Amino acid sequence: SPDTRLGGDTRVQRAQHRWPCPSRRVVCVSFPPPAARHRRRRSPSTLTAWRRPAQAGSAMSVQERDPCPHRILDDIGGAFAMGAIGGGLWNMVKGARNSPRGERMQGSISAIRARAPILGGNFAVWGGLFSSFDCSLVWLRRKEDPWNSIASGALTGGVLAARGGWRAASRSAAVGGGLL
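Parameters at a glance
- Residues numbered from 1 in each chain as written.
- Predicted model: local features only at pLDDT ≥ 70, side-chain atom pairs only at ≥ 80, totals over all residues.
- Heavy atoms only, no water.
- Helix = DSSP H or I, 4+ residues; strand = E, 2+ residues; numbered from the N terminus.
- Buried < 20%, exposed > 50% of the residue type's maximum accessible area, 1.4 Å probe, protein only.
- Disulfide = S-S within 2.5 Å.
- Contact = heavy atoms within 4.5 Å.
- Salt bridge = Lys/Arg side-chain N within 4 Å of Asp/Glu carboxyl O.

Some details on the environment of I150
Next up, step 1: Mapping I150 onto the fold places it in helix α4 (residues 146-160).
Next up, step 2: When its relative accessible area of 25% is taken as the criterion, I150 is described as partly exposed.
Next up, step 3: Separated by 28 residues in sequence, I150 and G178 have C-alpha atoms that sit 7.3 Å apart.

Here you go:
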């Protein structure tokens, strides 16, 4: 009979081998058993599949993210939305403070319309470069770990500051890698 420890959606057939993972929130499932995996190089059929236990309202884990071409587009759109909303709030306050007393609402709306899309576009460029570098490093290194994000932040900071020269690019790369 199939093992039902994981709940209804994540039942695994008997042919698969199961073992506890380092993280208690996931159960690792692989073909062939873990002891036999070290004997040969990993191919797509022997890669580990991560499955989360069936929980209502559980957040998405890193292993369940979209594949890379879709991830880049999602990150560009999310970064644009975040920059446009944040830029809208920032420029609303800035436009109201810089307007005369009777025209504060009109000044804040005009500042939002003028600057919020620009800030959203800047965020989208940053998000697109970061995701592109991240996906490239995942493909190049054949693993997805925090070092890819750190290197992606450094590469993104360096590329965006490259017009300022190599010193500005290296400083921005250090800050981009250090933040992540």
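That was the structure; now back to the text.
Some points on the state of the cysteines
Next up, step 1: Going through the model one piece at a time under the given rule, you end up with one disulfide.
Next up, step 2: Between C68 and C135 runs a disulfide, and the two sulfur atoms are separated by 2.3 Å. Residues C68 and C135 are joined by a disulfide whose S-S torsion is about -95 degrees; by sign, that bridge is left-handed. In this pair, C68 is assigned in helix α2 (residues 68-97) and C135 in helix α3 (residues 104-141), connecting sequence segments 67 residues apart.
Next up, step 3: The exposure class assigned to C135 is buried, which follows from its relative accessible area of 7%.

Some details on the environment of P117
Next up, step 1: Secondary-structure assignment places P117 in helix α3.
Next up, step 2: Looking at P117, the relative accessible area reads 44%, which means it is partly exposed.
Next up, step 3: For the pair formed by P117 and A81, sequence separation is 36 residues and the distance between their alpha carbons is 9.3 Å.
Next up, step 4: Apart from residues lying up to four places away in sequence, P117 is in contact with F80 and I112.

Things to note about the pattern of salt bridges
Next up, step 1: Within the structure shown, the criterion is met by three salt bridges.
Next up, step 2: Among the ionic pairs, R71 bridges to D134, the shortest N-O distance being 3.9 Å. One end of the pair, R71, is in helix α2; the other, D134, is in helix α3, and 63 residues separate them in sequence. Here the two residues R71 and D134 agree in accessibility, since each one is buried.
Next up, step 3: Ionic pairing is found between E144 and R71, a salt bridge with its closest N-O pair at 3.2 Å. With E144 in the loop between α3 and α4 and R71 in helix α2, the pair connects residues that are 73 residues apart, well separated along the chain.
Next up, step 4: We classify R71 as buried; its relative accessible area is 6%.

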